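Each chain is listed here by its residues.
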Amino acid sequence: MIQEFKKTWKKYTIGMLWVLGLLWPLLGIHPDGTLSFEKTFTVWFYIFAGTFVFFIIYLMNQSGSLKFFTTPVSKAWEKGSVFTKTVPTWVWLLLAFVLALIYPQFTGRYAQDVAINVLIYVCLGLGLNIVVGLAGMLDLGYIAFYGVGAYSYALLNMHFGMSFWVCLPFAALFALIAGCIVGYPTLRMRGDYLAIVTLGFGEIVRIILNNWMELTNGPNGIMGFDRPGIYLPNFENGFFSMTWEHLWLKKLHLLYYVVLALAIVTIICIHRLNFSRVGRAWESIREDETASELMGVNTFIYKLLAYAMGALFAGMAGAFFSARMRFVSPESFTFLESAMVLCMVVLGGMGSIPGIFLGAAALIILPEVFREFELYRMLAFGGVMVIMMLFRPEGLIPAKRVGTRSEEREA
Amino acid sequence: MVTEPILELNNVHAGYGKINALKGISLKIYPGEIVAIIGANGAGKSTTLMTISGIVEIQQGEVKYDGQLINKVAAEKLPTMGLCQVPEGRRIFPRLTIMENLRLGAFYRKDTDQIQKDMEYAYSLFPILGERKKQHGGTLSGGEQQMLAIARALMTKPKLLLLDEPSLGLAPIIVQQIFDIIKKINKEDNVTILLVEQNANLALQAADRGYVIETGEITMEDEADKLIENPKIREAYLGE
């Protein structure tokens, strides 16, 4: 252990001094021009003490003095993973589904609200996953399509009185059209250039929503449109004289079921797409665009399709979002949201459906849990991202070929 | 020869931006042949193939395939017409399995049964691919990747196969193996082959005819045997 310490203490010390150098201008220079050192040192000392503990644990692990603890743990882990492998996947899926179904029965409004948020972001993340994870195009303006979907429902309902269920496909369609309009001129670009163009487009949509007073009511937003409603059969007058009764979905747990259904539809679609001929074409474009063109893949059409499909799911999520909030304003569709969705995809693991679930859950639930530390949220985000890229560059649950592809089944 | 050429280039000019890589290339390939294009670095060998495949735009001249002008045909349409390229540096899809790589070769085809048979045939040509069909392409060695690239191109059922530097970065024994396979494909499957190589000796031994390309122009054209004998070629490309 002494050996290890000798090797790394210099780097560690330099790192800590560097943190001190960074911290002092942030905490020590006050707006009135005075300088102080006390606060910086206290904060720095806390950081130092915390990291030192980790440093020692790391050193002990490196030199093997933690073997008495790590060996049994890794053995238990192995045993556990062997056990989980013997249970077929559908059991887990069914279990998850049942848990999701009974979730609102045991939780309050707040927890349901958080769950709805998570599921909306799962839909968004899965949609973005097509563009980023499968087709390999960096899209920084993805939230624009979410906005298009949200405003589609709000406006269609306001002006034409169309119900949520009728608007849902329309919202998806409008978002898809928006995707094609942006995609058509921009998808000739590759890599970084595409990212910048999509970033610009995201801003354009937000600014249009903000400034087109006549249509969108500008920064004041739109409110006063309907919630989703459902028709329930009414058997009061006997079975054969059944009537339909209209019910507004006012209760939060009913909305939860709507978004759950939406998320499940999205998951099934994405899963089917992922393991289809189209999915393979997308992946080939991600891997090597020229080569896939040489193999007869019409790269332009497939890239456009990826973009449009991503937009479609965002549009549906957007329609639900506005139906739940019953208020939309351009505030909700800033670049920060795009970055957030992208974070979920990257954090969870590109191209992996359970990964995106975990990513969305982590990025929505953790800030809720740590509400007191709201001020440091962005700092923590940055820190977590850096640590992630160091230790799990492929995401929390890296995409592996879940299930078998059709051709593997034949063999 | 009385037969029509399967591929004909007439005075083709092409390049990248303002740089002219090709300054009037003309060549003819007849069905059933193996033709080699040899030349130094930067002579325009790969650009010629990329121009035929429609990746690099033609500025002037014409490319005819099977009697049809293909100047403006999109790159992704060519495999359906039986013209396929194995690009330089292999360019397989590293994070897809070998099977998926082959599947992508058969991307435009809908005949599932025949695809399956062709895949079996590819595995019989390259047994190593059959053994590793569920591995990711990126985990293969260079030679195996080259084999995969050729197998992938064969899945398009080509009539004319363009091969760009199949020997690039491979051990001599593997190179020999790959050239044997190329000859086999040519003889048994009746695939016409246009080969671009820096390794002139190897290419000319395998080929029926050869073209020599220098700074974007064809400087010599002959039977492969005669090119090997040619003292100029021996000096410039065979290192004597």
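Residues numbered from 1 in each chain as written. Chains lettered and ligands numbered in written order. Predicted model: local features only at pLDDT ≥ 70, side-chain atom pairs only at ≥ 80, totals over all residues.

**Q** Hey, could you go over the overall build of chain A for me, with residue numbers and the actual values?
**A** Assigned secondary structure in chain A consists of 17 helices and four strands. Each of the three principal axes of chain A carries a C-alpha extent, and together these read 85 × 70 × 55 Å. The buried share of chain A, reckoned over its 411 residues, is 35%. Partitioning the intrachain contacts of chain A with sequence separation of at least 6 by distance along the chain shows that 74% fall at a separation of at least 24. (Helix = DSSP H or I, 4+ residues; strand = E, 2+ residues; numbered from the N terminus. Buried ≥ 20, exposed ≤ 12 C-beta atoms within 10 Å, placed from the backbone. Contact = placed C-beta atoms within 7 Å.)

**Q** Quick one: what's the story with the overall build of chain B, residue by residue and with numbers?
**A** From N to C terminus, chain B includes 10 helices and 10 strands. In terms of overall size, chain B behaves like a compact globule, its C-alpha atoms giving a radius of gyration of 17 Å where 240 residues would be expected to give roughly 18 Å. On the principal axes, the C-alpha backbone points of chain B span a range of 45 × 40 × 40 Å. For chain B, the proportion of its 240 residues judged to be buried stands at 48%. Counting only contacts in chain B whose residues sit at least 6 apart along the sequence, the fraction spanning at least 24 positions is 69%. (Rg over C-alpha atoms; globule rule 2.2 N^0.38 Å.)

**Q** Explain the interface of chain A and chain B to me, using residue names and the numbers behind them.
**A** Chain A puts 18 residues into the contact, and the matching count from chain B is 24 residues. If you list the elements that add at least two residues to the side of chain A that touches chain B, you get helix 11 (277-287), helix 12 (289-294) and helix 17 (406-410) of chain A. When grouped by side-chain class, the residues that make up the side of chain A that touches chain B number five nonpolar, six polar and seven charged. (Nonpolar A, V, L, I, M, F, W, Y, C, P; charged D, E, K, R; others polar.)

**Q** Explain the packing of helix 1 (residues 2-28) of chain A against helix 2 (residues 38-63) of chain A to me, using residue names and the numbers behind them.
**A** Residue and element names in this part refer to chain A. At a minimum axis distance of 10 Å, the contact between helix 1 and helix 2 shows a crossing angle of 160°. As the angle between them shows, helix 1 and helix 2 are arranged roughly antiparallel. For the pair helix 1 and helix 2, the crossing hand works out as right-handed. Seen from helix 1, the contacting residues are E4, F5, Y12, M16, V19, L20, L23, W24, L27 and G28; seen from helix 2, they are K39, T40, V43, W44, I47, F48, F55, L59, Q62 and S63. Residue composition of the contact of helix 1 with helix 2, grouped by class: 14 nonpolar, four polar and two charged. (Axes fitted to C-alpha atoms, helices over the stretch in contact; angles between N-to-C directions. Parallel < 35°, antiparallel > 145°, perpendicular 65-115°, else oblique. Left-handed = near helix turned anticlockwise from the far one by under 90°.)

**Q** How would you summarise the domain arrangement of chain A if you had to cite specific residues and measurements?
**A** Splitting chain A by domain gives domain 1 (2-86) and domain 2 (108-410). When each unit is reduced to the centre of its C-alpha atoms, the spacing between domain 1 of chain A and domain 2 of chain A is 36 Å. (Domains from an automatic or database assignment.)

**Q** Account for the pairing of strand 1 (residues 7-16) of chain B, naming residues and giving values.
**A** Residue and element names in this part refer to chain B. Judged from the eight bridges that link them, strand 1 and strand 2 (residues 19-29) form a sheet pairing that is antiparallel. Across the sheet, the residue bridging to L9 is L27, located in strand 2. Count of turn residues in the strand 1/strand 2 antiparallel hairpin: two residues, of which G17 carries a positive phi of about 60°. Pairing geometry for strand 1 and strand 4 (residues 58-65), over six bridges, is antiparallel. Residue pairing in the sheet places N10 in a bridge with E62 of strand 4. (Pairing = 2+ DSSP bridges.)

**Q** Which residues make up unusual backbone geometry, and what values go with them?
**A** Excluding glycine, most residues fall at negative phi; most peptide bonds, likewise, are trans. You will see that N217 of chain A, though not glycine, has its phi angle at about 65°, which is positive. Examined against the element boundaries, N217 of chain A turns out to sit in the loop between helix 9 (213-216) and strand 1 (222-223). C-beta crowding within 10 Å serves as the criterion here: with 17 such atoms nearby, N217 of chain A is assigned to the partly exposed category. Notably, E165 of chain B is not glycine yet its phi reads approximately 50°, a positive angle. The residue E165 of chain B is located in the loop between strand 7 (160-164) and helix 7 (172-188) in this model.

**Q** An account of the environment of P25 of chain A is needed here, citing residue identities and associated values.
**A** For P25 of chain A, the location among the structural elements is in helix 1. It is 8.9 Å that separates the C-alpha atoms of P25 of chain A and T40 of chain A, two residues lying 15 residues apart in sequence.

**Q** Describe helix 10 (residues 252-274) of chain A, listing the residues and the values that go with them.
**A** Residue and element names in this part refer to chain A. Taking 1.5 Å per residue, 23 residues should reach 33 Å; helix 10 reaches 32 Å between its end C-alpha atoms and fits that length. Restricting attention to buried positions, one finds in helix 10 the residues L255, Y256, V258, V259, L262, A263, T266, I270 and N274. Looking at the packing, one finds that the buried side of helix 10 touches helix 4 (89-106), helix 5 (109-134), helix 11, helix 13 (299-325) and helix 15 (353-369). (Expected span 1.5 Å × (residues − 1).)

**Q** Any details on helix 1 (residues 45-52) of chain B? Residues and values, ideally.
**A** Spacing of three or four residues puts side chains on the same side of an α-helix, whose turn is 3.6 residues. Residues and elements named next belong to chain B. Of all eight residues in helix 1, seven are buried, a share of seventy percent or more. For helix 1, every residue scored as buried is listed here: K45, T47, T48, L49, M50, T51 and I52. The first or second residue beyond helix 1 is G54, which carries a positive phi of 85°.

**Q** Which residues make up the sheet that holds strand 3 (residues 34-39) of chain B, and what values do they have?
**A** By way of backbone hydrogen bonds, the strands of a sheet pair with one another, either parallel or antiparallel. Residues and elements named next belong to chain B. With mixed pairing, six strands are arranged side by side in an open sheet as 6-7-8-3-9-10. Each edge of the open sheet carries a strand with a single partner, namely strand 6 (83-86) and strand 10 (217-223). Neighbour-to-neighbour, the strand axes of the sheet open up by a mean angle of 15°, direction not taken into account. Pairing analysis gives five bridges linking strand 3 to strand 8 (residues 192-197), with the strands arranged parallel.

**Q** Lay out the sheet that holds strand 2 of chain B in plain terms, naming residues and giving numbers.
**A** All names here are of chain B. The four strands are arranged 2-1-4-5 in an open sheet whose pairing can be described as antiparallel. Single-partner strands in this sheet number two, and they are strand 2 and strand 5 (68-69). Bridging between strand 4 and strand 5 involves two bridges; their strand directions are antiparallel. Its bridge partner lying in strand 5, K64 is registered against L69. The strands touched by helix 1 are strand 1, strand 2 and strand 4; relative to strand 2, the strand with the most contacts, the crossing angle is about 70°.

**Q** Quick rundown of the nonpolar core? Include the residues and the values.
**A** What tends to happen in soluble globular proteins is that the nonpolar side chains get buried as a cluster. Core analysis: the biggest nonpolar cluster contains 165 residues, and C123, A175 and M316 of chain A have the highest contact counts within it. Apart from residues no more than four positions distant in its own chain, M316 of chain A is found in contact with C123, G149, L168, A171, A172 and L262 of chain A. (Core = buried A, V, L, I, M, F, W, Y, C linked by C-beta atoms within 7 Å.)

**Q** Could you give an account of the environment of L27 of chain B, with specific residues and numbers?
**A** Residue and element names in this part refer to chain B. Turning to its location among the elements, L27 is positioned in strand 2. Judged by C-beta crowding, with 20 C-beta atoms within 10 Å, L27 ranks as buried. A C-alpha to C-alpha distance of 8.1 Å links L27 and Y211, two positions 184 residues apart in sequence. Setting aside chain neighbours within four positions, we find L27 in contact with L9, Y211 and I218.

**Q** Which residues make up the packing of helix 6 (residues 143-160) of chain A against helix 7 (residues 164-186) of chain A, and what values do they have?
**A** All names here are of chain A. Between helix 6 and helix 7, whose axes approach to 8 Å, the crossing angle comes to 140°. Looking at the two axes, helix 6 sits oblique to helix 7. In this structure, helix 6 crosses over helix 7, and the sense of that crossing is right-handed. Taking contact as the criterion, the partners of F145, V148, G149, S152, Y153, L156 and N157 in helix 6 are, on helix 7, F164, C167, F170, A171, A172, F174, A175, A178 and G179. Tallied by class, residues from the contact of helix 6 with helix 7 come to 12 nonpolar, four polar and no charged.

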